[in-house]
Amino acid sequence: MEKATGSPAVGGSYPQKNAEILSSQYGINLFLAGLLLTFAWAVHAVGISKSHLLSYLITLMLIQLLWMLWYLCRSCTQRRLIRDKDTHAGARWLKCGITLFAVITLILDSFKIGYYIDFSNCLSPTEGIFPVTHAVHTILQVYFLWCHAKDVIQSFKTLERFGVIHSVFTNLLLWTNGVLTESKHQLNEHKERLITLGFGNITIVLDDHAPQCNCTTTTLCSIFSQGIYYLYPFNIEYHILASTMLYVLWKNIGRKVEHHQQNKTPFKFHGITVGMIFGLIVLTSTIAIVVVYLIQIGGSKIKSELALTMFYLHAIFVLALMCTAGIVALLIYRLEDRSLDNSKNPARKLDAELLVGTAAGSWLLSWGSILAIICAQAHPKYTWYNLPYSVLVIIEKYIQNLFIIESIHREQERVNDDIKTLRIVTVSCGSTLSLTPLYKEIYNGRATRDTTEVPCLFKGNICGRENDGAAVATEEMSQGNSSVMHSASDFSFYSRNAVTNNKRRILKNIAAFLFLCNLSLWIPPAFGCRPEYDNGLEEIVFGFEPWIIVVNLAMPFSIFYRMHSAASLFEVNCKT
């Protein structure tokens with residue numbers, strides 16, 4: 001009988017597993033086709049133009065729009081049905097973050113529309129259709145994620161798997177397109193700077209995709225063309241965040257939800273003043289460094305070298321502080337005895353995998369710089385600062401990953417019945433009575449009355465009572481003949497609680513500090529402050545083109561790592 005009842009369940013799991021495998025293969029092939037098309041356009045392959053790439057992306061976005069509209073309509077018709085939700089997925093702060101990036105992405109789309117209008121005489125119609133489609137896609141996708149990111153889909157599972165995975169890889173291709181466009185712009189600027197640093201032996205060939213006609217309004221064209229590249233970092237972050245949220249939705253399809261999930265943990269500024277102050281100092285100084293760097297680099301050889309030296313010294317100081325903060329947090333964890341939460345959680349698992357996976361990008365760049373410094377024959381003075389900088393980048397990410405992954409896997413502190421009790425000491429007929437009602441019961445005014453005495457709470461040295469012995473107790477207190485003594489267990493409980501609160505406060509300040517530091521370190525590479533380009537030493541050792549390929553492949557992951565770390569640290573701060 002057991003075999004007969006168990007076989008349908010086992011047999012029923014096969015179609016769903018096959019649907020998961022088929023949908024993932026569909027998404028991968030969709031992505032690879034778009035990736036090759038993007039690569040062909042980037043290298044000016046014969047017969048491949050930008051219009052072909054944009055047509056492919058427009059088609060993918062339209063298919064996703066149709067699927068999202070179908071899902072939203074079906075959800076509206078089934079509003080009264082109780083659906084399972086994954087409370088770990090689609091946190092409110094994550095939705096707010098993706099909304100902010102989406103708003104800036106819409107501004108980017110409006111700039112692209114304006115750019116197309118000014119150059120409409122020589123641009124393909126797809127370059128005008130693409131930003132309009134992308135804007136509609138962005139608005140509907142953000143609404144979809146706000147309403148349904150937590151859904152655990154249990155109906156039409158096979159169809160939904162294909163729809164969600166299509167959305168995941170559509171966003172990844174849009175992310176790839178944004179990264180490539182922004183990287184080509186940065187590369188052109190980098191090639192122009194190399195001359196000022198004295199690397200004249202490197203052939204400078206600009207890879208320009210500019211329109212071959214005059215602009216109708218020169219001023220607006222300049223604003224649009226320059227503004228687009230300053231907005232690309234936000235567009236890039238928007239698409240990678242959207243793809244991660246959709247991936248969690250895909251993993252949750254058909255999942256059996258555990259109903260003892262964690263409670264909401266709102267963010268509070270109370271108790272993190274120190275971490276916020278030091279973090280804001282780092283953020284402000286980083287913005288100043290980036291502004292000076294972008295002004296000085298490429299001006300002259302001396303100015304460029306000073307800009308690189310200034311960047312390295314500032315980054316070394318910040319990374320050293322972050323390493324110290326991370327080590328202190330890990331030491332506090334070693335002193336605590338708290339178990340890890342090993343329950344199935346797709347969102348948490350993805351967070352940990354992304355942290356380690358994307359950190360590999362900056363580790364690759366750091367090891368390349370270390371190897372270049374060791375192998376180079378000539379070493380300009382500023383290149384020596386690159387050695388401690390690269391070593392600290394590797395160590396800091398190693399420590400920070402360990403801290404974040406352990407933090408998100410630690411079980412939230414649950415107050416058990418022994419710790420939850422409050423010891424209430426009252427004076428009754430010259431003797432001390434100790435009662436231990438549950439905290440919840442006291443808080444709700446439902447303390448158990450197993451004795452004739454009414455428990456009371458201390459506030460300073462005053463304890464109010466509501467029985468006939470109150471007058472006697474008051475008289476004794478006024479004469480100084482009575483004293484209230486805490487038991488040894490009470491003292492131990494309060495001292496233990498004070499130590500726990502101090503540790504918790506330190507961890508919250510560390511998380512807040514690291515959160516702002518990661519935002520600070522996201523700004524320089526996202527807005528063009530990239531010493532890996534401008535240093536020049538690596539390009540001499542490895543060759544110009546090989547090193548540029550390595551940087552262009554690794555840099556997007558390095559940039560995403562900082563934003564993802566900031567998001568994870570925000571969650572750590574809320575949970576601590």
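Calculation criteria
Residues numbered from 1 in each chain as written. Predicted model: local features only at pLDDT ≥ 70, side-chain atom pairs only at ≥ 80, totals over all residues. Heavy atoms only, no water. Phe/Tyr/Trp six-rings, centres within 6.5 Å; stacked < 30°, edge-to-face > 60°. Buried < 20%, exposed > 50% of the residue type's maximum accessible area, 1.4 Å probe, protein only. Helix = DSSP H or I, 4+ residues; strand = E, 2+ residues; numbered from the N terminus. 1 Å grid on protein atoms, 1.4 Å probe; cavity = no way out; pocket = protein on both sides within 12 Å on 5 of 7 lines; lining within 4 Å. Points joined across faces, edges and corners; volume = space filled by probe spheres on them. Nonpolar A, V, L, I, M, F, W, Y, C, P; charged D, E, K, R; others polar. Axes fitted to C-alpha atoms, helices over the stretch in contact; angles between N-to-C directions. Parallel < 35°, antiparallel > 145°, perpendicular 65-115°, else oblique. pLDDT = per-residue confidence, 0-100. Contact = heavy atoms within 4.5 Å. Expected span 1.5 Å × (residues − 1). Bend = angle between axes of the 7 residues up to and from the residue. Polar contact = N/O pair within 3.5 Å; in protein donor to acceptor, adjacent residues only side chain to side chain. Patch = residues over 30% accessible without salt bridge, like charges linked within 9 Å, V, L, I, M, F, W, Y side chains within 5 Å. Areas by Shrake-Rupley, 256 points an atom, 1.4 Å probe, with all protein chains shown as cover. Salt bridge = Lys/Arg side-chain N within 4 Å of Asp/Glu carboxyl O.

1. Observations concerning the packing of aromatic side chains
In this structure the tally under the stated criterion is 22 aromatic pairs. Measuring from centroid to centroid gives 5.9 Å for Phe311 and Tyr312, while their planes differ by 70°, and the two rings are edge-to-face. The exposure classification of Phe311 matches that of Tyr312, with both residues buried. With centroids separated by 5.8 Å and ring planes inclined at 25°, the aromatic side chains of Tyr333 and Phe403 adopt a geometry described as stacked. A residue pair is termed long-range when its members are at least 10 positions apart, and Tyr333 in helix α8 (residues 301–335) and Phe403 in helix α10 (residues 386–409) qualify at 70 residues. You can call Tyr333 buried: its relative accessible area is 5%. Grouping aromatic residues by their ring pairs yields a cluster made of Phe101, Phe234, Trp522 and Phe527.

2. Re empty space enclosed by the protein
In total, this model carries three cavities of 30 Å³ or more according to the counting rule given. Of the pockets and cavities examined, the largest cavity occupies roughly 360 Å³. Forming the boundary of the largest cavity are 28 residues, of which Phe311, Tyr389, Leu521, Glu532 and Ser558 lie nearest the centre. Listed by contribution, the elements that provide at least two residues to the lining of the largest cavity are α7 (273–296), α8, α9 (346–375), α10, α14 (488–526), α15 (531–534) and α17 (544–575). Its residues placed into classes, the lining of the largest cavity shows 16 nonpolar, eight polar and four charged. The wall of the second largest cavity is formed by Val179, Glu182, Ser183, Pro233, Ile236, Glu237, Ala526, Arg530, Met555, Pro556 and Ile559.

3. Describing the packing of α9 against α10
Closest axis-to-axis distance for the α9/α10 pair is 9 Å, and the angle between their directions is 170°. Between α9 and α10, the angle falls in the class roughly antiparallel. The residue inventory of the contact of α9 with α10, partitioned by class, reads 16 nonpolar, seven polar and three charged.

4. Considerations on the confidence of the model for the protein chain
On average, the protein chain scores 77 in pLDDT, and the residues at 70 or more come to 73%. Averaged pLDDT values over the elements of the protein chain bottom out at 40 in helix α12 (residues 439–443) and peak at 93 in helix α4 (residues 126–148). Below pLDDT 50 for its whole length, residues 1–11 participates in zero contacts with residues either more than four positions away or in separate chains. Throughout residues 415–475 the model reports pLDDT below 50, and contacts reaching past four residues in sequence, or to other chains, amount to 74 contacts.

5. Considering α9
Between its first and last C-alpha, α9 extends 44 Å over 30 residues, near the 44 Å set by a 1.5 Å rise per residue. In α9, a bend of some 25° at Gly361 exceeds every other bend along the element.

6. Some thoughts on the side chain of Gln64
Take Gln64: it is sitting in helix α2 (residues 50–77). A distance of 2.7 Å separates polar atoms of two side chains, one belonging to Gln64 and the other to Gln141.

7. Observations concerning a nonpolar patch on the surface
Together, Ile113, Ile117, Val132 and Val136 line one region of the surface with nonpolar side chains, adding up to about 320 Å² of accessible area. When residues of the nonpolar patch are traced back to their parent elements, those giving at least two are α3 (92–118) and α4. Summarising the element assignment, Val136 is placed in helix α4. Residue class for Val136 comes out partly exposed when judged on its relative accessible area of 44%.

8. Topic: the side chain of Glu182
Tracing the sequence through the fold places Glu182 in helix α5 (residues 157–196). Those residues in contact with Glu182 that sit more than four places away from it in its chain are Tyr232, Ile236, Ala526 and Arg530.

9. Describing the pattern of salt bridges
Counted according to the given criterion, the structure contains five salt bridges. Arg74 serves as the salt-bridge partner of Glu160, at 2.5 Å between the closest nitrogen and oxygen. Residue Glu160 is located in helix α5, and its partner Arg74 is located in helix α2; the two are separated by 86 residues in the primary sequence. Judged by its relative accessible area of 11%, Arg74 is buried. Arg562 serves as the salt-bridge partner of Glu396, at 3.0 Å between the closest nitrogen and oxygen.

10. Considerations on the environment of Phe39
Following the sequence through the fold, Phe39 ends up in helix α1 (residues 2–42). Accessibility expressed as a relative area gives 55% for Phe39, which makes it exposed. Sequence separation between Phe39 and Asn177 is 138 residues; the distance between their C-alpha atoms is 9.6 Å.

11. Thoughts on the environment of Thr309
Mapped onto the elements of the fold, Thr309 is located in helix α8. A relative accessible area of 18% means that Thr309 is categorised as buried. As for Thr309 and Lys381, which are separated by 72 residues in sequence, their C-alpha atoms are 8.7 Å apart. Apart from the residues lying within four places of it in its own chain, the contact partners of Thr309 are Tyr382 and Tyr385. At a separation of 2.8 Å, a polar atom in the side chain of Thr309 contacts the main-chain carbonyl oxygen of Glu305.

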